[in-house]
Amino acid sequence: MGSKAKKRVVLPTRPAPPTVEQILEDVRWASAEDPVFTALAPEVSPGLSGRAENPEDQREQLYQQSWAYVAANQRLQQAGDELRQRCEDLRQAGQELERDIGQVKRVVLPGAAAAFLG
């Protein structure tokens with residue numbers, strides 16, 4: 001029995017990623033029902049799904065959507081504030097680390113040089 005040599009499959013090169021302008025254009029032209037916008041949206045009660053024909057139902061649906069938007073906006077603002085705070089904490093930790101490294105170098109390097117030369 002002969003052994004079969006495995007052929008290597010050469011894949012085509014990847015296309016360049018889209019630019020920010022292309023991404024923004026895609027988002028602008030996407031419909032409100034696009035899965036990108038609805039995948040993480042909170043569940044709406046069955047009575048509010050779809051297009052309501054009754055003006056009172058439409059008003060309630062708009063109120064619920066507005067309320068969900070405001071709540072999501074507040075969560076995003078809080079997350080942004082938290083990220084800014086964590087970024088600042090990391091910056092400060094980096095500065096402290098740089099100072100500590102400098103102190104270690106000042107203490108260790110002169111002693112190591114003397115031991116090496118001595």
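Predicted model, so just to flag it, every value in this text is computed and none were measured.

(A) How the structure looks around the pattern of salt bridges. Overall, the coordinates contain four salt bridges when judged by the stated rule. A salt bridge links Arg 59 to Glu 56, with the shortest nitrogen-to-oxygen separation between them at 3.1 Å. Taken together, the residues Arg 59 and Glu 56, both in helix 3 (residues 55–117) and three residues apart, mark about one turn of the helix. In this structure, the salt-bridge partner of Arg 91 is Glu 88, at a minimum N-O distance of 3.0 Å. Of this pair, Arg 91 and Glu 88 both sit in helix 3, three residues apart, which is roughly one turn of that helix. Judged by its relative accessible area of 46%, Arg 91 is partly exposed.

(B) Representation of a nonpolar patch on the surface in the model. Together, Ile 23, Val 27, Val 36 and Phe 37 make up an exposed nonpolar region whose accessible area comes to about 360 Å². At the level of secondary structure, the elements contributing two or more residues to the nonpolar patch comprise helix 1 (20–29) and helix 2 (35–38). The residue Val 27 is located in helix 1 in this model. By relative accessible area, which is 43% here, Val 27 ends up partly exposed.

Reading the values: the criteria
- Starting from 1, residues in each chain are numbered consecutively following that chain's sequence as written.
- Whole-chain, interface and lining totals are the exception, using all residues; otherwise, since this is a predicted model, local features are given only for residues with pLDDT of at least 70 and side-chain atom pairs are given and counted only at 80 or more.
- With hydrogens and water excluded, all non-hydrogen atoms of the structure serve as input to the side-chain values.
- Only one rule defines a salt bridge in this text: a Lys or Arg side-chain nitrogen within 4 Å of an Asp or Glu carboxyl oxygen.
- Helix and strand definitions follow DSSP, with helices as H or I runs of at least four residues and strands as E runs of at least two, each counted in order from the N terminus.
- Note on classification: 1.4 Å probe, protein chains only; a residue is buried when its accessible area is under 20% of the maximum for its type, exposed when over 50%, partly exposed between these limits.
- For patch detection, residues must exceed 30% relative accessible area and be free of salt bridges, and they are connected within 9 Å for like charges or within 5 Å for nonpolar side chains (Val, Leu, Ile, Met, Phe, Trp, Tyr).
- Computed with a 1.4 Å probe, the accessible areas rest on the Shrake-Rupley method; for each residue, only the protein chains presented here act as cover.

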